[in-house]
Structures are given as structure tokens and as C-alpha cells.
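# Descriptive structure summary
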Number of protein chains: 2
Amino acid sequence: MGMVKSSPLTADDWIDAALRAIAENGVGAVAVEPLAKKLGTTKGSFYWHFSNRDNLLERALATWERDHTDAIIAAVDDAPTPRDRLKQLLERVFPADIDALEVALLAAAATDPRVRPALTRVTQRRTDHVAKLYRAAGMTKSAAHRRAVIAMSVYLGRLQLAFLTPNELPSGGAASAAMLADLESMLAPSESVEK
Amino acid sequence: MGMVKSSPLTADDWIDAALRAIAENGVGAVAVEPLAKKLGTTKGSFYWHFSNRDNLLERALATWERDHTDAIIAAVDDAPTPRDRLKQLLERVFPADIDALEVALLAAAATDPRVRPALTRVTQRRTDHVAKLYRAAGMTKSAAHRRAVIAMSVYLGRLQLAFLTPNELPSGGAASAAMLADLESMLAPSESVEK
DNA sequence: ACCTGAACACCGTTCAAGT
DNA sequence: ACCTGAACACCGTTCAAGT
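Here the structure is a predicted model, which is why all the values come from computation and not from measurement.

Attention now moves to the UniProt feature "domain: HTH tetR-type" (unreviewed entry) in chain A. As recorded in UniProt, the feature "domain: HTH tetR-type" (unreviewed entry) lies at residues 8–68 of chain A. Across residues 8–68 of chain A, helical content stands at 75% and strand content at 0%; the span's end C-alpha atoms are separated by 28 Å.

This part is about the protein's contact with DNA strand C. Taken together, the neighbourhood of DNA strand C is formed by 16 residues, with Thr-41, Thr-42 and Gly-44 of chain A together with Glu-33 and Tyr-47 of chain B sitting nearest. In the model, a phosphate oxygen of DNA strand C is placed 3.4 Å from a nitrogen or oxygen of the Ser-45 of chain A side chain. With four residues, helix α3 (residues 43–49) of chain A is the single largest residue contributor to the surface near DNA strand C. In the surface near DNA strand C, the residues fall into six nonpolar, seven polar and three charged.

This part takes up the interface of chain A and chain B. Taken residue by residue, the interface counts 38 residues in chain A and 38 residues in chain B. Taking both partners together, chain A and chain B bury about 3500 Å²; carbon and sulfur atoms supply 70% of that area. Remark: the boundary between chain A and chain B carries two salt bridges. Here Asp-182 of chain A ties to Arg-146 of chain B by a salt bridge, and the two come within 2.8 Å at their closest N and O atoms. For the side of chain A that touches chain B, the secondary-structure elements that each account for two or more residues are α6 (100–109), α7 (116–136), α8 (141–164) and α9 (174–187) of chain A. For the side of chain A that touches chain B, the leading source of residues is α8 of chain A, giving 15 residues.

When the charged atoms of two side chains lie near each other, side chains of opposite charge can form a pair. Scanning all chains against the criterion turns up 16 salt bridges over all chains. Ionic pairing is found between Glu-91 of chain A and Lys-87 of chain A, a salt bridge with its closest N-O pair at 3.7 Å. Placement of both Glu-91 of chain A and Lys-87 of chain A in helix α5 (residues 82–93) is noted, with a separation of four residues, approximately one turn of the helix. Of the charged contacts in the structure, one is a salt bridge between Glu-102 of chain B and Arg-126 of chain B, with a shortest N-O distance of 2.7 Å. Highlighted residues: Glu-102 of chain B in helix α6 (residues 100–109) and Arg-126 of chain B in helix α7 (residues 116–136), separated in sequence by 24 residues. Each member of the pair, Glu-102 of chain B as well as Arg-126 of chain B, carries the same accessibility label: buried. Among the charged side chains, a salt-bridge network with shared partners connects Asp-54, Asp-112 and Arg-114 of chain A.

For these two chain copies, the linking operation is a rotation about an axis paired with a shift along it. Placing chain A over chain B gives an RMSD of 0.1 Å and needs a rotation angle of 180°, together with 0.0 Å of translation along the axis. Such a combination of rotation and displacement between the chain copies is what one expects of a two-fold axis. Residue by residue, 100% of the interface of chain A is reproduced at the interface of chain B, so both copies engage with the same surface.

Here we take up the packing of helix α1 (residues 11–25) of chain B against helix α4 (residues 53–74) of chain B. All names here are of chain B. In the contact formed by α1 and α4, the axes pass within 9 Å of each other and the chain directions differ by 80°. What the angle tells us is that α1 and α4 run roughly perpendicular. Judged by residue contacts, Ala-11, Trp-14, Ile-15, Ala-18, Leu-19 and Ile-22 of α1 engage Leu-56, Leu-57, Arg-59, Ala-60, Thr-63 and Trp-64 from α4. Looking at the contact of α1 with α4, its residues break down into 10 nonpolar, one polar and one charged.

Glancing now at the protein's contact with DNA strand D. Around DNA strand D, the surrounding shell holds 17 residues, and the nearest of these are Glu-33 and Tyr-47 of chain A together with Thr-41, Thr-42 and Gly-44 of chain B. Within 4 Å of the protein, the contacting atoms of DNA strand D are drawn from sugar and phosphate to the extent of 60%. Val-32 of chain A has a polar backbone atom sitting 3.0 Å from a phosphate oxygen of DNA strand D. The backbone of Arg-53 of chain A places a nitrogen or oxygen atom 3.0 Å from a phosphate oxygen of DNA strand D. Elements with a minimum of two residues in the surface near DNA strand D: α2 (32–39) and α3 of chain A together with α3 (43–49) of chain B. Its residues assigned to classes, the surface near DNA strand D comprises six nonpolar, eight polar and three charged.

A separate point is the packing of aromatic side chains. Residues and elements named next belong to chain A. Scanning all chains against the criterion turns up eight aromatic pairs over all chains. Relative to Phe-46, the ring of Trp-14 has its centre 5.1 Å away and its plane inclined at 70°; by these criteria the two rings are edge-to-face. Linking Trp-14 in helix α1 (residues 11–25) with Phe-46 in helix α3, this pair joins segments that are 32 residues apart in sequence. On the basis of relative accessible area, Trp-14 is assigned to the buried category, the value being 0%. On the basis of relative accessibility, which here comes to 0%, the residue Phe-46 falls in the buried class. A ring pair is formed by Phe-46 and Phe-50, whose centres lie 5.1 Å apart and whose planes are at 20°; its orientation type is stacked.

Reading guide: rules and limits
Numbers given to residues run from 1 along each chain, matching the order in which its sequence is written. As they are written, the chains are lettered A onward and the ligands numbered 1 onward, keeping that order. Side-chain atom pairs in this predicted model are given and counted only at pLDDT of 80 or more, local residue features only at pLDDT of at least 70, and totals for whole chains, interfaces and linings cover all residues. To obtain the side-chain values, all non-hydrogen atoms of the structure were included, while hydrogens and water were left out. UniProt positions are given in the numbering used here, feature names are shortened, and annotations may be inferred rather than shown by experiment. By definition, any uninterrupted DSSP run of H or I lasting at least four residues is a helix, any uninterrupted run of E lasting at least two residues is a strand, and each is numbered from the N terminus. Only a single heavy atom is needed: when it lies within 4 Å of a molecule or strand, its residue is near that molecule or strand. Polar contacts, as used here, are pairs of N or O atoms within 3.5 Å; protein pairs need one atom able to donate a hydrogen and one able to accept it. Residues neighboring in sequence count only if both atoms are side-chain atoms. Nonpolar residues are Ala, Val, Leu, Ile, Met, Phe, Trp, Tyr, Cys and Pro. Charged residues are Asp, Glu, Lys and Arg, and all others, Gly as well, are polar. Any two residues whose heavy atoms approach within 4.5 Å at even a single point are treated as in contact. By buried area we mean how much accessible surface two parts lose on assembly, using a 1.4 Å probe and totalling the loss over both. Should a side-chain nitrogen of Lys or Arg be within 4 Å of a carboxyl oxygen of Asp or Glu, the pair is scored as a salt bridge. Each residue is assigned to one of three classes by its accessible area relative to the maximum for its type, calculated with a 1.4 Å probe on protein chains only: buried under 20%, partly exposed between the two thresholds, exposed over 50%. Copy-to-copy alignment: least squares on C-alpha atoms, limited to residues at pLDDT 70 or above in both. Here an angle of 0 to 180 degrees is reported between the N-to-C directions of two axes, which are lines fitted to C-alpha atoms, with helices fitted over the stretch in contact. Reported orientations rely on four angle classes, namely roughly parallel under 35 degrees, roughly antiparallel over 145, roughly perpendicular from 65 to 115, and oblique for the rest. Two rings belonging to Phe, Tyr or Trp (six-membered ring only in the last case) form a pair when the distance between their centres is within 6.5 Å. Interplanar angles under 30 degrees mark stacking, angles over 60 mark edge-to-face geometry, and anything in between is tilted.

This is the structure:
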């Protein structure tokens, strides 16, 4: 079942296995003994590469944070106007298949003091970026920030909803298209706020 | 520290302790040995009242589900029009202090197969109720449903955001008032959709 | 440098025995 | 009817010893 690598295991092998375990079964699934079994090695081997279970979690989170923040932000920078970039961001982020790893991390953030800071940084950067887009589209600084916070709420809430009621949110199809249209009009930049 | 009750402990004592533990430290904190210590009894006592740890969780969830669904839905039924009821619901639900227990359950729902069904039922009922209000305010059935889903997303996302960036969401004050105004206009029923 | 294997602590679960 | 206390399994962590 587990992919057994020939001899010298690297720390990254453990990190990959940890992230896969999180996506599949949550942060609680980052357990040394089961991971060791999956990698075909022993617990003792683990403690050569990591000081403890938390240290593995920490480094796995750092890897995720690096890989999943800038990529999304950079992906939409080719659209001509801020309004277009916002629209593209929405279209890219909302109909997409739910990212199981992101949901699991979001879930763990509420109770796990090691996960929360990572999620906080990522969320902060995303919010700031969206606020900047609203600002560039002509809204005041405070209105732009409020709308960015609301947009992030909708995004985060949708991750939760998708997991709670999978049948309610088809990944494609007419319902989802109408939904996206609703969201686009609700989240479009408005120029008339707090002149 | 723990409130030690005189002799015959009831199942409800364990359930109360479990719900308190969840609110404070997440579902993982429902651990028999620590709870026994807090209640001043032994693990053996626990297994008189419950078949196992999961059984305690199950019954704690059932208690929460019963207490926290109908109460909120019923609380706003005195407003004259559907539009007013929606507005009151928003005003009641959004500026309120974050419910730690609800956040912890929402978090656990993503990975815990015992928690998810309870959250799914509660979310479904809340969504249906809000959709009914939109419908009564004059929207088509499908538009009302889509808007209810979006409103639930904002609500759930806000719970997450509040925990990720506590400083961003003051419980009162001007920022929160402006935010509420934004939400009210974005989530107000519109009559012009899908005539 | 990297790994094994045994040891110990902690928590879930069982159960015979007590009141 | 309700509880204790000892026992065992499972996983985190340590460490002496191996290659």
C-alpha cells in the first residue's frame, strides 16, 4: 500500500507523507508509527530527521504555506484592469474542486496552536491582496478592506459548506454557474461607498 | 479546578464536561482519563454510563444539536415582514461574540465522521430556514436558495476568520457596524432575479 | 550518517471485584 | 446501581547499540 523507498529516506519524504495524511484524514493522522509503517521504516528513523511529531507538522506547514500562497496570487496578474483581475480570481477560486488539504488545515487551525499561525498568515496575505484589488478598482481603503474580508468569509465558508453538504454544491453545471453570477454581482467593486 | 460532584454522577455530567472540553480545546480534548480526573472519578466509572469514547461524543453532539438549532430559528419570528426577519437574523447572528463550541465542532466536522452528520443537519436546517425567508420576501425558489447558501457561507467563513485573525473582527465598534451595513445591503432580498 | 529495537509514559478499553 | 483498580493495547518519545 505505502510507497516504500529504497534506503536513505529524506526529511522531505516524511513531509510529503505527512501532507498526504492530512489531506486524507486530518492533522490527527500525522502519527509517527503509522507514517513509519507507510514508509517502510521504524519510529527510530523518524527521530533522526525530526525532533518530534510537532516538528514534522511545523515543517509540513511551512512547505504548504510556501507552495500555496504566491502561486494563486500570481496566477491572475495578466488581466488588464483590477476589476477584471477580481472577476478572474472569483472564477478561478470558486468553481474549483475543493482542496481537501486546505479544508483539513482550516479545520485544524481552530484548535491546533501549531496550525493556526500558518493559516493566519496565508489568510492575511490573501485578504490584503484582494483589498488591494478593490482599492485599485476605485473603492476607499476601508470599504475595500471590508469587502475583502467579506469575500474571504464567503470563500472560507464555502469550503466548509462543500464538506458539510457535498450534494448541494456541484462542481459544475447550471446551479453553480448561477451561483457564480450571484457572487460576481454581490462581490463586484462598488464606487459609491464612503466617497 | 474541576467541579467535583458528590457521589452519583449522571451521564449528563459527563456530557456537560465533554461539551466544555470541546469548546475549550477541541474535539480531541474529549479524553476519558482527563475528564475522569476533572470530575473526580475513575475511568471505570465512565464505562458504566457510556459504551466508549465515541458514544460520549455522539450523545454530546445530540445535546448540542437539540439546544442550538431551534432556539436561534425561533428567536426572530416576531418581526413583521420576511425582510425584517432577515435583517434581524443578520443583526443577531453577525455581531455576536464567536461561539467557541460552534467553531470547534465546525473544525472537527471536516475530519471526524461522528461530528459531520450533526453539523450537516444543523447547517441544512439553517439554510432551509433562510431560503424560506428569501422566498417569502419575493425571490424565486432557486434564487432564494442560492442566496441562502451564500449567506450561510458568509456566516461560516466569518467564524473561521474570527479565529484566524481575532484582531481583525472587533465584536463591537464602528468597523463592525460598517461591516454589518455592507452585509445587509449585499444579502438583502432582491426581487429582480429570475422573474 | 542513518537506522533498529527495546524501554517507558500516556490514554482507551475491559473486567473482576467491591459497596 | 455505581464505582474502583489492575490489566492490556496503542502511540509518542528516548536512547543505546548497530551498520
